[in-house]
Amino acid sequence: MKVKTILVSQPEPKVENSPYFELQQKHKVKIDFRPFIHVEGVSAKEIRLQKIDLNHYTAIILTSKNAVDHFFRVAEEMRYKVPEGLKYFCQSEAIAFYLQKYVVYRKRKIYVGPKDFADLSPLIKKYKDEKFLLPASDQLNADAPITLNALKVDWTPAVFYRTVMSDLSDLADVYYDVLAFFSPTGIKSLFKNFPDFEQNKTRIAVFGSTTQKEALDHGLRVDILAPTPATPSMTMALEKYIAEANKGK
């Protein structure tokens, strides 16, 4: 079965040189983007109900751009003046770079991990006497509590935003050759919107083992999987599959 149309369950990339656009041009396929989930901020009132006082913390652990946005949104709502001496522990360089949207980089104490949450361990251990706040979503990755508890540091998780399933009712009569998913919640959103969804000839692409498990638990057939040693990104996995499926097109 040849691939002509793909629906990526994420927002459309804002950069012109996105690998998705290259994939689209190279293989003459139509790629649409539609977030199956979206983020909604938690109010300052709700955060106070979690017994969170921003003045109590000396360090912030940031695991995503959403965490950055919502920490500073809440700080503003609470009229909390972010002190210059506050330490920021960022899970990746991309998050640390994004932090510049809110702070003057050279004037702040910013510590950056290479990629995974566990990679922050040596940095956090070095400053183990700090009082850490972890602003996150209602679906906190298990790696964070496991790592922080093992380090025996003083840390507090707080829900600053929630992951919510989007309304996809306008897609009811639209068919795609491939649906690409990046989180278990994306799969749940598919079935919340379309409880009677039948895969039939639709190919399912998933990123990550937890997304794969969610797909299989819902009785889906996973045709495209990333990351793998050969295809570390979703676009590479899609390209490999399309090149094979569209042979002799």
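Residues numbered from 1 in each chain as written. Predicted model: local features only at pLDDT ≥ 70, side-chain atom pairs only at ≥ 80, totals over all residues. Heavy atoms only, no water.

Per an unreviewed UniProt entry, the protein carries the name Uroporphyrinogen-III synthase and comes from Flavobacterium erciyesense.

A. Structural view of helix α9 (residues 234-245). Given a rise of 1.5 Å per residue, 12 residues ought to cover 16 Å, and the 16 Å separating the end C-alpha atoms of α9 matches this to within 8%. Taken together, the buried positions of α9 are M234, T235, A237, L238 and I242. Axial view of α9: buried residues confined to an arc of 160°, hence all on one face. Among the exposed residues of α9, those pointing more than 90 degrees away from its buried face are K240 and E244. Of the surrounding secondary structure, the elements contacted by the buried residues of α9 are β1 (5-8), α1 (19-27), β9 (178-181), β10 (203-207) and β11 (222-226). (Helix = DSSP H or I, 4+ residues; strand = E, 2+ residues; numbered from the N terminus. Expected span 1.5 Å × (residues − 1). Buried < 20%, exposed > 50% of the residue type's maximum accessible area, 1.4 Å probe, protein only. Arc of directions from axis to C-beta. Contact = heavy atoms within 4.5 Å.)

B. Inspection of the packing of aromatic side chains at higher detail. Considering all chains together, one arrives at 13 aromatic pairs under this definition. Seen in terms of ring centroids, F89 and Y127 are 6.0 Å apart; in terms of plane orientation they differ by 65°. Their pairing is edge-to-face. Taken together, the residues span a long stretch of sequence, with F89 in strand β5 (residues 87-90) and Y127 in the loop between α5 (121-126) and β7 (131-137) at a distance of 38 residues. Ring pairs connect the aromatic residues F71, F72, Y88, Y102 and F160, which therefore count as one cluster. (Phe/Tyr/Trp six-rings, centres within 6.5 Å; stacked < 30°, edge-to-face > 60°.)

C. Main features of the sheet that holds strand β4 (residues 59-62). Strand order in this open sheet of six strands is β3-β8-β7-β4-β5-β6, and the pairing throughout is mixed. Here the strands that pair on one side only, and so sit at the sheet edges, are β3 (37-41) and β6 (109-112). Adjacent strand axes in the sheet meet at a mean angle of 25°, parallel and antiparallel pairs treated alike. As paired strands, β4 and β5 are joined by four bridges and run parallel to one another. Bridged to L62 within β5 is C90. Lying over the sheet, helix α3 (residues 65-77) contacts β3, β4, β5, β7 and β8 (154-165), oriented at roughly 105° with respect to β8. (Pairing = 2+ DSSP bridges. Axes fitted to C-alpha atoms, helices over the stretch in contact; angles between N-to-C directions.)

D. A look at unusual backbone geometry. Omega for the peptide link from A226 to P227 comes to -5°, which places this bond in the cis form. Relative to the elements of secondary structure, P227 occurs in the loop between β11 and α9. At K51, a position not held by glycine, the phi torsion is positive, near 60°. With respect to the helices and strands, the residue K51 is situated in the loop between α2 (44-49) and β4. Residue classification places K51 among the exposed positions, given a relative accessible area of 76%.

E. How the structure looks around the pairing of β7. The buried fraction of β7 amounts to six of the seven residues, a majority that puts the element mostly inside the structure. Here β4 pairs with β7 via two bridges, running parallel. Bridging across to β7, A59 finds its partner in F132. Of the strand pairs in this sheet, β7 and β8 are connected by seven bridges, and their pairing is parallel.

F. Representation of the sheet that holds β10 in the model. Across the sheet, which stays open at both edges, the five strands sit in the order β2-β1-β9-β10-β11 with parallel pairing between neighbours. Of all strands in the sheet, those bounded by a partner on one side alone are β2 (30-33) and β11. Between one strand axis and the next, the sheet turns by 20° as a mean value, whatever way the strands run. One ladder, built from four bridges, connects β10 with β11; its direction is parallel. Paired with A205 across the bridge in β11 is I224.

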